[in-house]
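Structural overview for review
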Amino acid sequence: MGGRSLDSYLTIKQELYFVKKFASVLKSVKLESQFNAVAILAHSITFLIFLSLNATAQNLPQFTDITRAAGIDFIHNSGAFGQKYLPETMGSGCAFIDYNTDGWQDILLVNGKDWKGNPTGKRQTMALYRNNRDGTFTDATEAAGLAAPLYGMGVAVADYDNDGDPDIYISCLETDRLFQNNGDGTFADATKAAGIHNPGFGTSCAWFDYNNDGHLDLYVANYVEWSIENDLFCTLNGINKSYCTPESYQGQASKLFRNRGDGTFADVSRSARIEDKTSKSLGVCIFDYNADGLPDIFEANDTQPNKLYQNNGDSTFIETALEVGVSHDEKGVATGAMGVDAADYDRTGRESLVIGNFSNEMLNLYHNDGGFFIDDAPAAQIGNATLLTLTFACFFFDFDLDGNLDIFTANGHVENDINAIQMQVTYAQPPHLFHNNSHGKFSDVRNKVGSDLAKPMVGRGAAYGDIDNDGDWDLLVTTSNGPAHLFRNDGGNRNTWIKFQLVGQTSNRDGIGAQIRITTASGTQIRRVKSGSSYCSQSELTTIFGINNDTLIETIEVKWPSGAVSTRKNIKPNQHIHIEEVSP
């Protein structure tokens, strides 16, 4: 069947049957006038278009909500009790993490907690769910030593001490926490011993090795100067209190912590020149926008200009967002930017950006033209489709493994009665799933991948991971003051794929920052191993390439942060490969 799946083959056979049947009906019709002929021709064309669209829908993977069946009963606690404090609108993130290194992705869900003196009866701690390898998960939070009450926001996962197991950083409304993996299924709070102190309103965070010394450093985005004591009264109707927008508060500078390599960190925010108190940061992604081999930092700011910190290679950065066209939208306005991700979505060899924005502001798709970015969202047909939704998390991933990176966004408003003010805008909103057609255009296929993903939710964090080790990406989405959702990808692996896990030696052990390039009959693709991105969340650190129906990976090239290069040739697809760095 030429590499086609059985489902695809049967779909085509069924359509041919209906086409032939319809043709025979046309033959039996007596045409009484030219008008009748035209009418029947029009109906024929409509029918064939319907069949084509139906075939497309049936060929796409389906996302099934398995949250309850998987044993995940987490409900996010914003602490809301009617006072409408700003942090209650923000939600919390999530992560895929193989915390016990058994080769199966576990799940971490960040949580808020009650405000003092106002109990809600809800859970007060984050949740760590251990993968049972059978489609179910077990709550291991208490046993792992993670049952600490925190008003948590974001999470970043990486092996910062290069000992072979993943550690966890949680950004918080109060002081952040660093949890070091003990290697026995438990974690220890290493925040104080590590010398990390971030008393700000922490949001998204990311591990990366900015000075390429083999030790992972940490970037933490901070939001605004808010506390219960300085909480303001804001209103939509002049009577009742509503949630304030960030314009009401002063911004906060983000933090950069340099890993000394001995288990401790130094706050180098000022000396590295990333300290800017005007920023109101919600999203962060690490990418090499100018392809000079050094990791740069993009910071998505809410109602303030975005920041792009270009790595100078001497442990300092220079801010270039305005210069390269990503600080403001095309009208010169600083948007309500939330989540962000970077990837080479069109195979140009350059990493572009996708940014989630507030409602009435479309998604940004900043195409990297080599030294300058152009917002291609309208031309790519994702502009108008995202104009009314409020996007928090967003990222590139290849959900159908056709070799083209698609886009997922988690949406939901911050004001629960927004519909009374703006009739076209709702509080709970369905996500977007934009399928990449490989010609610079995307189409929203949310309603073609099963009914579960199309349901409205108050989306906040989101991540992708392969929970069942079948080679395709599953989805994890958090909601504000509501349940988490785990969506299993059914059918993505009908196309062929290859999965990589890197093990650094001179470079950091996770291979974060490494660039993987593969070449097959369909062409060349590039991915970068990264922490952070999305909104307050962390996706699986392994990398999956979809290669459509190609039957051989001709070349694999890994460029490590150390400068070393690893190569493989003539590798068969549909397998999980470990590549270990060999020092140059």
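To start, this report covers the structure provided alongside it. (Residues numbered from 1 in each chain as written. Predicted model: local features only at pLDDT ≥ 70, side-chain atom pairs only at ≥ 80, totals over all residues. Heavy atoms only, no water.)

1. Here we look at the overall build of the chain
Spelled out, the test is: By definition, any uninterrupted DSSP run of H or I lasting at least four residues is a helix, any uninterrupted run of E lasting at least two residues is a strand, and each is numbered from the N terminus. Note on contacts: a residue pair qualifies if any of its non-hydrogen atoms lie within 4.5 Å across the two residues. Under the convention used here, a 1.4 Å probe and the Shrake-Rupley method define accessible areas, while residue burial counts only the protein chains that appear.
Helix and strand content of the chain: four helices and 37 strands. Looking at the chain alone, contacts between residues at least 24 apart form 59% of all its contacts between residues at least 6 apart. Total accessible area on the chain is roughly 23100 Å²; 51% of this is exposed by carbon and sulfur atoms.

2. Notes on the packing of aromatic side chains
Rules: Classification of ring pairs uses Phe, Tyr and Trp, with its six-membered ring standing for Trp, and accepts pairs whose centres are within 6.5 Å; under 30 degrees between planes counts as stacked, over 60 as edge-to-face, and the remaining range as tilted. For every residue, the accessible area (1.4 Å probe, protein chains only) is compared with the maximum for its type, and the residue is labelled buried under 20%, exposed over 50%, or partly exposed between those bounds.
For the coordinates displayed, the defined rule picks out 26 aromatic pairs. Geometrically, the ring pair formed by Tyr464 and Trp473 is edge-to-face, given 4.8 Å between the ring centres and 65° between the ring planes. Side by side, Tyr464 and Trp473 carry an identical accessibility label, which is buried. An aromatic cluster of three or more residues is present, and its members are Phe63, Phe395, Phe397, Phe399, Phe408, Tyr464 and Trp473.

3. Details of unusual backbone geometry
Although it is not a glycine, Arg133 adopts a positive phi angle of roughly 70°. In this structure, Asn212 takes a positive phi of about 50° despite not being glycine. With respect to the secondary-structure elements, Asn212 resides in the loop between β10 (202-208) and β11 (217-222).

4. Describing the state of the cysteines
The condition is simple: Any pair of cysteine sulfurs within 2.5 Å is marked as a disulfide.
Per the counting criterion, the structure on display carries one disulfide. Cys205 takes part in no disulfide bond, and the closest cysteine sulfur, belonging to Cys536, lies 7.2 Å away. Cys394 forms no disulfide, and the closest cysteine sulfur to it belongs to Cys285, at a distance of 9.1 Å. The buried category is assigned to Cys394, whose relative accessible area is 0%.

5. Focus on the sheet that holds strand β5 (residues 137-139)
As a reminder of what qualifies: Strand pairing is defined by DSSP finding a minimum of two bridges between the two strands. Only the contacting stretch of a helix is used when fitting its axis, a line to C-alpha atoms as for every element, and angles between N-to-C directions run 0 to 180 degrees.
The four strands are arranged β2-β3-β4-β5 in an open sheet whose pairing can be described as antiparallel. Of all the strands in the sheet, the pair left with one neighbour each is β2 (94-97) and β5. The average undirected angle you get between the axes of adjacent strands in this sheet is 25°. Bridge count between strand β4 (residues 127-131) and β5: three bridges; the pairing is antiparallel. When the sheet's bridge partners are listed, Asn131 is paired in β5 with Phe137.

6. Some thoughts on the side chain of Asp114
Basically, it comes down to this: Neither His nor the chain ends is counted toward charge; the positive residues are Lys and Arg and the negative residues Asp and Glu. The working definition used for a salt bridge is a side-chain nitrogen of Lys or Arg within 4 Å of a carboxyl oxygen of Asp or Glu. Two N or O atoms count as a polar contact when they lie within 3.5 Å, although within protein this holds only if one can serve as hydrogen donor and the other as acceptor, and sequence-adjacent residues are included solely when both atoms are side-chain atoms.
By secondary structure assignment, the location of Asp114 is in the loop between β3 (106-109) and β4. It turns out Asp114 is buried and unbridged, and the closest side chain with the opposite charge, Lys122, is 7.8 Å from it. Engagement of the side chain of Asp114 in a polar contact is seen with the side chain of Thr120, the distance being 2.5 Å.

7. Looking at the pairing of strand β17 (residues 296-301)
Across the six residues of β17, six count as buried, placing the element largely inside the fold. Alternating residues of β17 divide into Asp296, Phe298 and Ala300 and Ile297, Glu299 and Asn301, and every residue in both groups is buried. Across six bridges, strand β16 (residues 281-287) lies against β17 in antiparallel orientation. By the bridge assignment for β17, Val284 is matched with Glu299. Looking at chain direction, β17 and strand β18 (residues 307-311) are connected through three bridges and run antiparallel. Bridge pairing in β18 links Ile297 to Tyr309. Between β17 and the antiparallel strand that follows it, β18, lie five residues; Thr303 among them carries a positive phi value of about 70°.

8. A short note on the sheet that holds strand β1 (residues 62-65)
The four strands lie next to each other as β1-β30-β29-β28, forming an open sheet whose pairing is antiparallel. Of all strands in the sheet, those bounded by a partner on one side alone are β1 and β28 (459-465). Neighbour to neighbour, the strand axes of the sheet diverge by 25° on average, direction disregarded. Here β1 pairs with strand β30 (residues 485-490) via four bridges, running antiparallel. Each residue of the ladder has a partner; that of Phe63, found in β30, is Asn489.

9. Quick look at the pairing of strand β35 (residues 553-559)
Here is the key point about a regular strand: its side chains alternate between the two faces of the sheet. As paired strands, strand β32 (residues 515-520) and β35 are joined by five bridges and run antiparallel to one another. Bridge pairing in β35 places Arg517 opposite Glu557. With six bridges connecting them, β35 and strand β36 (residues 565-571) associate as antiparallel partners. Residue pairing across strands places Glu557 opposite Thr567, the latter belonging to β36. Between β35 and β36, which pair antiparallel and follow one another directly, the connecting turn spans five residues, one of which, Gly563, has a positive phi of 105°.

10. Some details on the side chain of Glu88
Inspection of the secondary structure puts Glu88 in the loop between β1 and β2. One buried charged residue, Glu88, remains without a salt bridge, the closest side chain of opposite sign being Lys241 at 7.9 Å. Among the polar contacts made by the side chain of Glu88, one reaches the side chain of Trp115 at a distance of 2.8 Å. Each residue touching Glu88, except ones within four places of it in the same chain, is listed here: Ser78, Gly79, Ala80, Phe81, Trp115, Tyr151, Tyr243 and Ser480.

11. Some thoughts on the nonpolar core
The line we're drawing: Definition of nonpolar core: a set of buried residues of the types Ala, Val, Leu, Ile, Met, Phe, Trp, Tyr and Cys, connected through side-chain atoms within 4.5 Å.
Counting residues in each nonpolar core, the largest one holds 43 residues, and the members touching the most others are Phe201, Trp226, Phe397, Phe408, Leu433 and Leu475. Broken down by secondary-structure element, the contributors of at least two residues to this core are β24 (391-397), β25 (406-411), β28 and β29 (474-479). If we ignore the near neighbours within four places in the chain, the residues touching Leu475 are Phe63, Phe395, Phe397, Phe408, Leu453, Ala463, Tyr464, His485, Leu486 and Phe487. Listed in part, the 33 residues of the second largest apolar core include Ala194, Ile196, Ile516 and Ile518.

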